[in-house]
Amino acid sequence: FYSKIQSDNTKLTFNALTSELEQYKEGNRSYLTLINKIRNKYENKELTNITDQLNTSKDKIDKNYEEHFFKALNSKTGADGKSGNKLRTYSIIKKHYKIEPYLQQNHSFDIIRNIAKLRLSSHNLNIEQMRYSRPKIPHYNRLCKKCQTNSIEDEIHFLLICPNYDNNRTLIIKPSENQQNTSTFTDRFNTPDKNLVEKLGKYIIESFEIRQNTPDM
């Protein structure tokens, strides 16, 4: 933020930052107090010259956050150290510390939202919905009730396998492709092809509608 606005001292944001800097120098709590805490945490240094120090710190802080991000992402347990990692599916998809292609393309809000929700396991498939059951249901017993495959109803099952969505699945899967392959699942979420992203979003939206209207077996 500082690096972005410091180049134009005519902006209101620059004047606001200058005011924050004065507050910081006087020992008052300000935006720079937070910056100092971040720098101190990762480099064990106090801010002295704000302009020079922030510019040299950015790459180090970015790298540290990236390492922390992937460590948490690939953990076998949740934040409490006991439960399963809710981001288990996201860890399969997310391989690079960058903005994903689908977020930079011109898609409707519904397409982007539904892709993001499935990526982040923010949905009502049984793998998540039954997470909050009491007594807690083990993940291997959170089975799909929309088909008779006796499979866990997770994101891979929903996207690639469940026969309840076979007719709709032609949107995203070619008959020749291996539907059981994890790489097929990953490829669908990481494709830079705008047309395929659009089809993926439509599949997710329409299949959740089918799921809602299908009685449990």
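Residues numbered from 1 in each chain as written. Predicted model: local features only at pLDDT ≥ 70, side-chain atom pairs only at ≥ 80, totals over all residues. Heavy atoms only, no water.

1. Some points on the overall build of the chain
Right, on to step 1. When its secondary structure is counted, the chain shows 11 helices and zero strands.
Right, on to step 2. Sequence-ordered secondary structure for the chain, helices as α and strands as β, is α-α-α-α-α-α-α-α-α-α-α.
Right, on to step 3. Within the chain, contacts between residues separated by at least 24 positions form 52% of all contacts whose residues are at least 6 apart in sequence. (Helix = DSSP H or I, 4+ residues; strand = E, 2+ residues; numbered from the N terminus. Contact = heavy atoms within 4.5 Å.)

2. Some points on the pattern of salt bridges
Right, on to step 1. Overall, the coordinates contain nine salt bridges when judged by the stated rule.
Right, on to step 2. Put simply, K94 and E100 hold a salt bridge, and the shortest N to O gap is 2.7 Å.
Right, on to step 3. Note on E100: relative accessible area 7%, which makes it buried.
Right, on to step 4. Linking D166 and R169 is a salt bridge whose minimum nitrogen-to-oxygen distance equals 2.7 Å. Linking D166 with R169, this pair stays in helix α9 (residues 166-169), spanning three residues, or about one helical turn.
Right, on to step 5. Salt bridges sharing common partners tie together R88, E128, R131 and E155. (Salt bridge = Lys/Arg side-chain N within 4 Å of Asp/Glu carboxyl O. Buried < 20%, exposed > 50% of the residue type's maximum accessible area, 1.4 Å probe, protein only.)

3. Remarks on the nonpolar core
Right, on to step 1. Counting 25 residues, the largest nonpolar core has I115, L118, L159, F189 and I204 as its most contacted members.
Right, on to step 2. Elements represented by at least two residues in this core include exactly α6 (109-119), α8 (155-161), α10 (182-190) and α11 (194-212).
Right, on to step 3. Broken down by element, the residue count for this core peaks at five residues, all from α11. (Core = buried A, V, L, I, M, F, W, Y, C linked by side-chain atoms within 4.5 Å.)

4. Looking at the packing of aromatic side chains
Right, on to step 1. Under the criterion given, the structure shown has six aromatic pairs.
Right, on to step 2. Ring centres of F185 and F189 lie 5.1 Å apart, and the angle between their planes is 65°; this geometry places the pair in the edge-to-face category. With F185 and F189 both in helix α10 and four residues apart, this pair spans about one turn of that helix. Neither F185 nor F189 differs from the other in exposure class; each is buried.
Right, on to step 3. Feature note: the residues F158, Y165, Y203 and F208 constitute an aromatic cluster, connected by ring pairs. (Phe/Tyr/Trp six-rings, centres within 6.5 Å; stacked < 30°, edge-to-face > 60°.)

5. Focus on the state of the cysteines
Note on terminology: disulfide describes a covalent bond linking the sulfur atoms of two cysteines.
Right, on to step 1. For the coordinates displayed, the defined rule picks out zero disulfides.
Right, on to step 2. The thiol sulfur of C162 is not disulfide-bonded, and the nearest other cysteine sulfur, from C147, lies at 3.8 Å.
Right, on to step 3. Using a relative accessible area of 0% as the deciding quantity, one classes C162 as buried. (Disulfide = S-S within 2.5 Å.)

6. Thoughts on α10
Right, on to step 1. Among all positions in α10, only T184, F185, T186, R188 and F189 are buried.
Right, on to step 2. Its buried side turned inward, α10 meets α5 (88-93), α6, α8 and α11.

7. Digging into the packing of α6 against α11
Helices that pack against each other are described as a pair by the angle of their axes relative to one another and the distance between those axes.
Right, on to step 1. Between α6 and α11, the least distance of the axes is 9 Å, while the angle of their chain directions is 75°. It follows that α6 is roughly perpendicular to α11 by the angle criterion. Counting all contacts with α6, which are made through D110, I111, N114, I115 and L118, the residues of α11 involved are V197, E198, L200, G201, K202, I204, I205 and F208.
Right, on to step 2. Broken down by class, the residue content of the contact of α6 with α11 amounts to eight nonpolar, two polar and three charged. (Axes fitted to C-alpha atoms, helices over the stretch in contact; angles between N-to-C directions. Parallel < 35°, antiparallel > 145°, perpendicular 65-115°, else oblique. Nonpolar A, V, L, I, M, F, W, Y, C, P; charged D, E, K, R; others polar.)

8. Quick notes on the confidence of the model for the chain
Right, on to step 1. A residue-level look at the chain finds 78% of positions with pLDDT of 70 or above and a mean pLDDT of 82.
Right, on to step 2. Per-residue pLDDT, averaged within each element of the chain, yields its smallest value for helix α1 (residues 2-5) (61) and its largest for α11 (96). (pLDDT = per-residue confidence, 0-100.)

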